[in-house]
Every structure is written in structure tokens, then in C-alpha cells.
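# Examination of the molecular architecture
For reference, the chains in residue letters:
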Amino acid sequence: MNAHPRPSRRSTAVPAAAAVMSVLVMSMCTVGAQGPFALVLPPLIVGGAVAAALWAVRRSRADRTAYESRLTAWAASEAVLAERLRIARDLHDIVSHGLGLITVRAAATRHLPKPVEVEAALTDIEEASRHATAELRRMLTVLREPSAASRRAPVDNLDDLPGIVHAASLAGLRPRLTIEPLGPVSQGVQVAVCKTVREALSNAARYAGPTDVGVRVYRDGTSVVVTAADTGPVDEWRASPGAGHGLAGLRERVGSLGGTLSTERVDAGFRVTARIPDEAV
């Protein structure tokens, strides 16, 4: 799903230069061998041709730079949009799970003795939650691409962190995971924590190679903090940059939860820090 069409590359340099060259060639063909212009006009035509060629080269380079700038801005915008859709899908899964529990708990009280007012209230709760779940399912068809509808995966949670780190070790990294006592953590924050760790390890693998990476997850007051710091590229490692928009999407996800994402150089390495307020506290 694209919010805007991909920028097209259009340059007027080549058509304009071709037109100028055609005029110059036609002028040269019409010049006779006699007269005072026989010695002056050919050098002028050659000079004009050279000038047109130089202008075309400079114009073509300027058009290419402008196109690459538009393409980069478009790709960043699409990355943010894609991450917003993933956030919406994750929130859908989280909310629908909670509503499902409400429906089940309300329905389970039907056989229990209770006052008429309580029974009516529970019936209303059950009906409202079923209606909300149905609306969320309709929303799901809009939020998910057709290709993704058949491959729905469970939402990430903190229990997935060891597996994420282990997968990074299979890619050659030497990660160390430290999870301090966090207490209750809301599901949306857990997803953001896993996304942060996954993106940070992926960046380290691309830019630094089989290096050491320290991953730490801890609580600071009412916020959950994630840090991932590598020790820098290994000797003779050649970086293989990706599309360059992973951090933009991650910043969008963390920001949607009211958090902040920062990146910085630390000695020869690179550190990613996400601070996410946790309403579960």
C-alpha cells in the first residue's frame, strides 16, 4: 500500500541538448565554403556544441540529485506508513484478545445466581464486547494486506527476546541479553521492546559485522528502557547498508506510545536507546 506514487525521473537535459545539436548540425550543413563566415562560423558551431554538451551533463547530474532526494523522501514516507499499519495491526490483535477475554468472562457468569441488575449489566457487557470484536475484525480486512491475511503471526512479547537474540547470534553477532525485573508491562510496550532489539541487532550485523552487542532491558520509574550498544566494526568488515528506513519506522512505533528513540556513537560503536512510558504500572 503506497500513500503516494513513486517519484518518476524526468530530465530535460537530453532532449534540450539534442535539439541544440540538431540546430548546430543543420547550421553547419547550410554554411557554404565561400565568404567571411567560412572561417568564423565553424568554430562557433563547435564551441556551441561543446557548451551544449557540458550544460547537458551538468543538468543531468542536477536532475539525478533532485530525483534521488525525492526518492529518499518518498521511501522514508512509505516506511513510516508501513510501520503505522503494522502498529495498527498489532494494536488490533492486542485489543481483540482483551475483548475476547471480556466476552468469555461475561458469558461464563450466565449460570451463576445473581441479582437482576447484575445479570442485565453482564449481558450488556457481553453484547457490547461481541459487537466491538466484530468491528475490529472488519477493520482487520482494511489494515492487513491480502498477502498477509494468511500468515498472521502472534504478537511479540518479552518471552520472545531470548529467541530474537539467539537468531542474531546465528547471524554471527555476539549478543549479550540482560533483562532486569520489569514488573507488569503492557502488551504494546512489549511489542515495541522486541522491535527495538530486533532492529538494533539487525543494524549491528549490517554495519559492524560479527561484533559484541550488549542488550539491556530495564525499568526506570514508569518507563521501560531498552539499550543496544555494539563495540564497533570488526577489522576489514565491509558494511552492507539496508534501505536506511528501519530506524524511521521504529521511531514512529516508539513515538506512537509516547516514547523516544535516540541513537549515538559511543567510542567506535553505536548505541540505540528507546525509552517507552508504560501505562501498565
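This section reports on the structure supplied with the text. (Residues numbered from 1 in each chain as written. Predicted model: local features only at pLDDT ≥ 70, side-chain atom pairs only at ≥ 80, totals over all residues. Heavy atoms only, no water.)

Think of an α-helix as turning once every 3.6 residues; residues three or four places apart then point the same way. Helix length check: helix α5 (residues 187-207), at 21 residues, gives a terminal C-alpha distance of 31 Å against a target of 30 Å (1.5 Å per residue), a fit within 8%. Phi turns positive one or two residues past the end of α5, at G209, with a value near 80°. (Helix = DSSP H or I, 4+ residues; strand = E, 2+ residues; numbered from the N terminus. Expected span 1.5 Å × (residues − 1).)

In this section: the environment of R86. You can see R86 is positioned in helix α2 (residues 37-107). For R86 and G249, which are 163 residues apart along the polypeptide, the C-alpha to C-alpha distance reads 9.7 Å.

This next bit is on the sheet that holds strand β5 (residues 269-277). In a beta sheet, neighbouring strands pair by backbone hydrogen bonds and run either parallel or antiparallel. Taken in spatial order, the five strands of this open sheet run β1-β2-β3-β5-β4, and their pairing is mixed. Each edge of the open sheet carries a strand with a single partner, namely β1 (174-179) and β4 (260-266). Averaged over all pairs of adjacent strands, the angle between their axes in this sheet comes to 15°, without regard to strand direction. Across seven bridges, β4 lies against β5 in antiparallel orientation. Each bridged residue has a counterpart across the sheet, and for S262 the counterpart in β5 is T273. Where helix α6 (residues 246-256) meets the sheet, it contacts β4 and β5, and its direction lies at approximately 140° from that of β4. (Pairing = 2+ DSSP bridges. Axes fitted to C-alpha atoms, helices over the stretch in contact; angles between N-to-C directions. Contact = heavy atoms within 4.5 Å.)

Within the largest apolar cluster, 29 residues are counted, with the highest numbers of intra-cluster contacts made by L161, V193, V197, L201 and V217. For this core, the secondary structure elements donating two or more residues are α4 (161-170), α5, β2 (212-220), β3 (223-230), α6 and β5. Aside from chain neighbours lying at most four places away, what touches L161 is L177, I179, V193, C194, V197 and V217. (Core = buried A, V, L, I, M, F, W, Y, C linked by side-chain atoms within 4.5 Å. Buried < 20%, exposed > 50% of the residue type's maximum accessible area, 1.4 Å probe, protein only.)

Per the counting criterion, the structure on display carries seven salt bridges. Among the salt bridges present, the one from R275 reaches D220, with a minimum N-O distance of 2.8 Å. Placement of R275 in strand β5 and of D220 in strand β2 is noted, with a sequence separation of 55 residues between them. (Salt bridge = Lys/Arg side-chain N within 4 Å of Asp/Glu carboxyl O.)

Pairing geometry for β1 and β2, over six bridges, is parallel. Bridge pairing links R176 to G214 in β2. You can see the chain leave β1, run along α5 and come back into β2, and the turn it takes is left-handed. (Right-handed = clockwise from strand over helix to strand, strands pointing away.)

Along the polypeptide, V191 turns up in helix α5. When the C-alpha atoms of V191 and L158 are compared, they prove to be 7.7 Å apart, with 33 residues separating the residues in sequence.

With that settled, the discussion passes to the pairing of β3. Within β3, seven of the eight residues are buried, which leaves it mostly tucked inside the rest of the structure. Relative to β3, β2 runs antiparallel, the two being bridged by eight bridges. In the sheet register, V217 faces β3, and the bridge partner there is V226. The antiparallel hairpin formed by β2 and β3 contains two residues in its connecting segment, where G221 sits at a positive phi of about 70°. Where β3 and β5 come together, seven bridges link them in antiparallel fashion.

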